[in-house]
Amino acid sequence: LQTGTTVHASGGSARITINIQPSVVEKVGFRITGQAAPVLVQLQPSGSSSLVTVVTVTSSSDYQFDTLPTNDSHTQFQAVVLSSTADFALSEVTAMREPCYEAIYIDLGQPKQIGWYKLKLSGGTSSRLYILASNDTFSSGTNQGLVAVGPIDAGWLDTAPIQFSSVTARYVSLKIVQDTAWVRVSASSLHLWDANGIYGLPYPADRANPHSLSDLLGINTVWGWMGTLIGDLAGPALYSPVMKRVRLYHNLDWDITSPSCPINYTAMSEGMGTPGQPGWLNWDTMYAEMYEKGMEAVDASIQFLNNNGTKVTQFSQVNWKNPYQDAYNYGHSFASHFGPSNKNLIKSAEVGNEAWDYDADFWVQVEEGMLQGFHDGDPTMLRLTGAFQADTPDVPPNGDNIFWNGKYIGYRVSDQALSLVDNLNVHAYSWATINATLRGVGPEHPLSSMKAVRNMLRWRDGNQPSGGKGRGVWLTEWGWDGASQCWDSRCVSLLSQAAFAVRGLLWGAREGVDAMTWYFFADLSLSPGLFGASGIITYPANMTYPVFRYKPVYWALHNQVGLLGTFHHVAALVECEVAYVYLLQNASLTAIVAWRPSGAVDNETLTTSSFSYSFPTTINFHNNAPFVEIGIDPSGPTVLPSDTFRIDKQGPSQFVLSGKVTGLPRVAFVDQPASELVHVIFSKQKRRTAVPIV
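The following refers to the structure shown. (Residues numbered from 1 in each chain as written. Predicted model: local features only at pLDDT ≥ 70, side-chain atom pairs only at ≥ 80, totals over all residues. Heavy atoms only, no water.)

## A few points about the environment of Arg454
Structurally, the position occupied by Arg454 is in helix α11 (residues 452-462). Taking the relative accessible area as the measure of exposure, Arg454 reaches 8% and is therefore buried. Note: C-alpha distance between Arg454 and Ile198 (256 residues apart in sequence) is 9.7 Å. Apart from the residues within four sequence positions on either side, Arg454 is in contact with Tyr199, Gly200, Leu201, Pro202, Trp507 and Glu511. A polar contact of 3.0 Å, which involves the side chain of Arg454, links it to the side chain of Glu511. (Helix = DSSP H or I, 4+ residues; strand = E, 2+ residues; numbered from the N terminus. Buried < 20%, exposed > 50% of the residue type's maximum accessible area, 1.4 Å probe, protein only. Contact = heavy atoms within 4.5 Å. Polar contact = N/O pair within 3.5 Å; in protein donor to acceptor, adjacent residues only side chain to side chain.)

## Describing the side chain of Glu575
For Glu575, the position within the fold is in strand β29 (residues 568-575). Accessibility expressed as a relative area gives 8% for Glu575, which makes it buried. Only 2.9 Å separates the side chain of Glu575 from the side chain of Tyr582, close enough to count as a polar contact.

## Here we look at the packing of aromatic side chains
Within this structure, the stated rule accounts for 42 aromatic pairs. On the basis of an interplanar angle of 75° and a centroid distance of 6.3 Å, the ring pair of Tyr249 and Tyr519 is categorised as edge-to-face. Residue Tyr249 is found in strand β16 (residues 245-251), and its partner Tyr519 is found in the loop between β26 (515-518) and β27 (537-538); the two are separated by 270 residues along the sequence. For the pair formed by Tyr249 and Tyr519, the shared burial category is buried. Summarising the aromatic geometry, the rings of Trp478 and Trp518 are spaced 5.0 Å apart at their centres and angled 80° between planes, so their arrangement reads as edge-to-face. (Phe/Tyr/Trp six-rings, centres within 6.5 Å; stacked < 30°, edge-to-face > 60°.)

## A short note on the pattern of salt bridges
With the rule as written, the count across this model stands at 15 salt bridges. The shortest N-O distance in the salt bridge between Asp461 and Arg460 comes to 2.6 Å. Judged by relative accessible area, Asp461 falls into the partly exposed class, the value being 40%. Take Arg460: its relative accessible area is 5%, and that puts it in the buried class. Two residues, Arg666 and Glu629, come together in a salt bridge whose shortest N-O distance is 3.1 Å. (Salt bridge = Lys/Arg side-chain N within 4 Å of Asp/Glu carboxyl O.)

## Observations regarding the pairing of strand β20 (residues 348-351)
Working note: regular strand, side chains alternate between the two faces of the sheet. Going residue by residue along β20, you find Ser348 and Glu350 tucked away on one face and Ala349 and Val351 tucked away on the opposite face as well. Where strand β17 (residues 297-303) and β20 come together, 4 bridges link them in parallel fashion. When the sheet's bridge partners are listed, Ile302 is paired in β20 with Val351. (Pairing = 2+ DSSP bridges.)

## Notes on α11
Along α11, 8 of the 11 residues are buried, which leaves the element largely enclosed by surrounding structure. Among all positions of α11, only Ala452, Val453, Arg454, Asn455, Met456, Leu457, Trp459 and Arg460 are buried. On its buried side, α11 packs onto α9 (409-412), α10 (415-418), β22 (423-427), β25 (472-478) and α12 (494-511).

## Focus: the sheet that holds strand β7 (residues 76-84)
With antiparallel pairing, the 4 strands of this open sheet are ordered in space as β2-β7-β4-β5. The sheet is open, and its two borders are formed by β2 (14-24) and β5 (52-57), each paired with just one other strand. Ignoring which end each strand starts from, the neighbouring axes of this sheet average 15° apart. Sheet analysis places β2 next to β7, joined by 8 bridges and oriented antiparallel. Each bridged residue has a counterpart across the sheet, and for Arg15 the counterpart in β7 is Ser83. (Axes fitted to C-alpha atoms, helices over the stretch in contact; angles between N-to-C directions.)

Shown next as C-alpha cells:
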C-alpha cells in the first residue's frame, strides 16, 4: 500500500486496517510521519479478533522507512493494523510473505554425488544463503523439489571447503536471502565435490614410503636459533636428538642489497661479511655449527618478498631489472660456495619461501634463473620450488592478498623450472572450519587442511618427467600452535599439540611425502597469535634468558624417534572414526602402530570401549615385549598395563585398544616381515576406511 493519507484521531483513537490475503508474514514495512504520539504496528491473525504487536513507533523514526521481522514463521495473518492516540500520516505499508532473495540454478547434466562445497562471497553479514539440491525436479521459479543443504552465514564464509551429508543431485541452486534492505551479497564462485571432498582419496593403502621417520622429520629455524632465547648457536644440540634435518630461512637481503648486487662468499668466509650485513655475517660459521652439533642435512629457504606488508622493498618486483640473469647470478654464487661439492654446508635450497605476492609471469623468470644458477653452481645440491598449493586452481594468479592469491603451483612453476627441480614444496597446517570458526584439528580430521598434500602429490604425479628420477614432495611447514592458554582459535592444548605431532608424522609418512619440517623450533611470544606458540620449546613467564623449557611436543617427538625412528611406513590397515592402525618396518622388525583419532585429548576421560582388530593370521610378537605408548615422559615411552591389549594366542591375533585413550599412538613389535602380513591381510579382508561426517 502506498498512500499519503493522514489517519485522524476520533475520540482519542486513530486507526487504519489494511486487509491482506491470509498468509505467513515474514516482515512488515512502513513509513510514518508527523505523529504526535507513538504508533502501534500490529498484525491480525486469520479468523481472530486479537492483535499481535510488531513494534511501537516513536517520533525518532519520523520519515524513515523501517522493515521489521515478525519473528513468526507459522501464523497466518489477514490484516496489518496501525493505531495511535493522535493523528499520524502514513505513506507506505508493506507486508512481505517471504524475504527478498536472489537465486541461480545449475544443471550438472546428470545425477552426481555432492558432499562438499566451497563458496567465495563478498558482502554483508545480514544475509542467509542456502545451497539446494534436487535429483529429479527442477523449476527456475520455485524451490519445489530442492532439498536444503544450508543455510550458510555470509559473514564468515569465504573460501573454506565445507562438508555436509552427501546427496545425489542433478540440479543445484544457490539462494541468497536478503535480511536487510541495503545489504548486497555477491557470489563469484561455487565449487562442488563428492564425499571425498577437495582433497580427494589418500594413496593406496599398501603403498610403502621408503623414508624412515627420522629421515622425514626436520625443524624450521632462523639465524642463531634466536640466541637470546636458547643461547647463541646452542640450538642444534637441543634439536639433533629429535631431528637430523634443519630448514633455515636464509634472507636474501642479508646477502645482497639489490637484485643485481654481486655476492662474494669467499670474502664473507674471510670475515668481511656480505653486502647486506657487512663486517660480521658469516653463514659458514652458522651452518658448520649445525653439523658439529649433530645435524645431518641443512635446507636453505632463500626468502624474499615483493612487499613487506605495504612497504616496497629492495626486492620488490619493480627493482628487478633483469630478473632471470640476476637470479641466476645469485643462485650460481650460492651453490658454488655452499653446495655439497664445495663447502658441503647446504644439501638443498628453495627459490623463495612464500613468495606469492609477485606477478606469476614475473616470478617464473626469477625462479627459472635461480634454479638454473643452483644447478650450474653445484648440480649435486637438491633444488626445490617455493612453497605453493595444488588445491587452489581457482585463485587469481596475481593479487595483493598473498594469503589467497598467487599460491597455485600451476601458475608459478613453468615446464623449464620443473625440469630443474628435485622436489616440490608445500606448506600445510591442520585447520578446519567448524561452526563458523577456524580451529586446529588432528591430521585425520575429515576437514583438515593438512590433506592439501594429497593435491600436491597428485599434481606431482601428473607432471613427472618422461624419464629419469621422479620428483619428491617436501612438506616444509606443518605443525600446531600449542599452549596452556590460547589466543587464537587454531591453537590447541599442550597435550593435543604433542599427540597431533606424532600422529601427523605417521600420517604424512602414510600419505607419501618425502620430508616433513616442523614449524617452528621455539615459541615466539608469551601472548601468541597464530604461530606464536608453534615451537617445541618455550620459555618461562618471567622472560629470563637464555632459560627455556621443553614442551610436551618435544618429548613426544623425542620418544617417537627413539622408538620408531628407523621404521618406515608400509601399509594402512584401518583408517576410520574409531581407530587408525598402521604397519611400519625397519631392517629386522615390524611395528603395529594404533591410535584413536580423538579430537580432544586433554584431561578428560574419553571412550573406554574397546576397539578390536583381528589379523587373519597368527602374529608372533617380538620376545613377548610389552606394548608401549608414545607418551610425553622425558624418560621414554610408557609401558602399558597388561590388560590394555588382549591377544588371542589360540588363533588369529586380536589387537585391542581399551582404557582411557589419550590420542597418543600405541606400538607393538612383531617378528613377521610387514610385507608378509600385508599380503595375507589384503588378500583376505578389506581395509576399514569409514569416514564420519563431522
